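Fold and geometry: a report
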Amino acid sequence: MNPPGARSSRLWRIALWALAVFALAFICLVIYRIYALDAKEKTDAAVQAIHAERLTMRDVDGSNLPPAPDQALNDSTIEGIDANENGIRDDVELAIFKKYPTDLKTRAAMLQYALGLQMQITEVTNQATWIASSQEEGRAIGCLLRASGASVASAESMREEVKSDVLLSNIPIIMLTA
């Protein structure tokens, strides 16, 4: 036979265990939500930064043209060197200026597309940033179409030209990290 207080003591212990499990689960959920909210805020800031990145007329007309980068230093990271801080690797930017020294409209479109590709390589960390950088790349493809006189074949040729410049400038790093 159980003493009269044994049953209430047992119920009390069960209630305390249930409360402790609930409190632990609640604390874990709060910690997880803090992390998730922080990640969302960082993603939102990254998306805003991607959409805010713009070329200026100084970038297009050459008055903000960077010096030739040290190739070894330039190839040491995927981002490369961007001395004029316009979001485009300096070696890619200089290649576009060399190829189109007088055609401002084409150069602007090529630089815009190079910027979009560079963002795809360096800024994408999750689905939201991928969507934002893809939207910017899509806008740049529209610029290529307008610069080529709406010739899809010509715009595609220009797109492949920039794509090979951007991707080839990043190949040493991509191969090392693969």
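Notes on the structure in this doc start here. Nothing here was measured: the structure is a model prediction, and the numbers come from that model.

Take the side chain of glutamate 136 next. If you trace the backbone, glutamate 136 turns up in helix α6 (residues 127–147). The class for glutamate 136 is buried, based on a relative accessible area of 2%. A distance of 2.7 Å separates polar atoms of two side chains, one belonging to glutamate 136 and the other to histidine 51. When near neighbours in sequence (up to four residues on either side) are disregarded, glutamate 136 contacts Ile50, His51, Arg54 and Met119.

Here the focus is the layout of surface pockets. Within this model, the largest pocket holds a volume of roughly 170 Å³. Glu53, Gly87, Met119, Thr122 and Glu123 are, among the 13 residues lining the largest pocket, the residues nearest its centre. Those elements giving two or more residues to the lining of the largest pocket turn out to be α1 (6–52) and α5 (104–122). The dominant element in the lining of the largest pocket, judged by the number of residues it contributes, is α5, at four residues. Looking at the lining of the largest pocket residue by residue, the classes come out as five nonpolar, three polar and five charged.

Moving on, we get to the packing of α5 against α6. Relative orientation of the contacting elements α5 and α6 amounts to 165 degrees, with a least axis distance of 8 Å. Viewed along their axes, α5 and α6 adopt a mutual orientation that is roughly antiparallel. With respect to the hand of their crossing, α5 and α6 are arranged in left-handed fashion. Residues Lys105, Thr106, Ala109, Met110, Gln112, Tyr113, Leu117, Met119 and Gln120 of α5 form the contact with α6, whose own contacting residues are Trp130, Ser133, Ser134, Glu136, Glu137, Ala140, Ile141, Cys143, Leu144, Arg146 and Ala147. Taken together, the residues that form the contact of α5 with α6 break down as 11 nonpolar, five polar and four charged.

How each quantity is defined
- Residues numbered from 1 in each chain as written.
- Predicted model: local features only at pLDDT ≥ 70, side-chain atom pairs only at ≥ 80, totals over all residues.
- Heavy atoms only, no water.
- Helix = DSSP H or I, 4+ residues; strand = E, 2+ residues; numbered from the N terminus.
- Buried < 20%, exposed > 50% of the residue type's maximum accessible area, 1.4 Å probe, protein only.
- Polar contact = N/O pair within 3.5 Å; in protein donor to acceptor, adjacent residues only side chain to side chain.
- Contact = heavy atoms within 4.5 Å.
- 1 Å grid on protein atoms, 1.4 Å probe; cavity = no way out; pocket = protein on both sides within 12 Å on 5 of 7 lines; lining within 4 Å.
- Points joined across faces, edges and corners; volume = space filled by probe spheres on them.
- Nonpolar A, V, L, I, M, F, W, Y, C, P; charged D, E, K, R; others polar.
- Axes fitted to C-alpha atoms, helices over the stretch in contact; angles between N-to-C directions.
- Parallel < 35°, antiparallel > 145°, perpendicular 65-115°, else oblique.
- Left-handed = near helix turned anticlockwise from the far one by under 90°.

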